[in-house]
Amino acid sequence: MIDRNTSDQHIVEFDLTAHEARRRTEVVAALGDGWDPLAVMEGEADAYRLLYSDLDAEQQATYDMLISAGVLPGPGRA
């Protein structure tokens, strides 16, 4: 058990809430007005489908095994 009142231990707390809000604001500002998050997500889904399309039988079996093990998300979950 830790005694919080000993002289050799000091509890230090940082509230990073304001910093995180500022960081997110700066990221969105840096992305600019042309950034379309929906288009980005659709592009990522298209890339995921393309990556795992046209697999041979052995590749498909490995892919299915990785999905069932929870290593990869299943189709439509990427």
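Heads up: the structure comes first, above all this text.
Residues numbered from 1 in each chain as written. Predicted model: local features only at pLDDT ≥ 70, side-chain atom pairs only at ≥ 80, totals over all residues. Heavy atoms only, no water.

## A closer look at the pattern of salt bridges
Enumeration over the complete set of coordinates arrives at 3 salt bridges. Its salt-bridge partner being Glu 20, residue Arg 23 comes within 2.7 Å of it at the nearest N-O pair. Linking Arg 23 with Glu 20, this pair stays in helix 1 (residues 17–31), spanning 3 residues, or about one helical turn. Given a relative accessible area of 39%, Arg 23 falls into the partly exposed group. Taken together, the salt bridges that share partners define one network made up of Glu 20, Arg 23 and Arg 24. (Salt bridge = Lys/Arg side-chain N within 4 Å of Asp/Glu carboxyl O. Helix = DSSP H or I, 4+ residues; strand = E, 2+ residues; numbered from the N terminus. Buried < 20%, exposed > 50% of the residue type's maximum accessible area, 1.4 Å probe, protein only.)

## Quick word on unusual backbone geometry
A positive phi angle is found at Asp 54, which is not glycine, with a value near 55°. Take Asp 54: it is sitting in the loop between helix 2 (37–51) and helix 3 (57–68). With relative accessibility at 79%, the residue Asp 54 sits in the exposed group.

## Some details on a nonpolar patch on the surface
A cluster of nonpolar residues, Val 27, Leu 31, Trp 35 and Val 40, forms a patch on the protein surface that exposes about 320 Å² of accessible area. Structurally, the position occupied by Leu 31 is in helix 1. (Patch = residues over 30% accessible without salt bridge, like charges linked within 9 Å, V, L, I, M, F, W, Y side chains within 5 Å. Areas by Shrake-Rupley, 256 points an atom, 1.4 Å probe, with all protein chains shown as cover.)

## What to know about the packing of aromatic side chains
Summed over all chains, the structure comprises 2 aromatic pairs. Relative to Tyr 63, the ring of Tyr 52 lies with its centre 4.6 Å away and its plane at 25°, an arrangement referred to as stacked. Within this pair, whereas Tyr 52 is found in the loop between helix 2 and helix 3, its partner Tyr 63 is found in helix 3, the two being separated by 11 residues in sequence. Owing to a relative accessible area of 24%, Tyr 52 belongs among the partly exposed residues under this scheme. Take Tyr 63: its relative accessible area is 8%, and that puts it in the buried class. (Phe/Tyr/Trp six-rings, centres within 6.5 Å; stacked < 30°, edge-to-face > 60°.)

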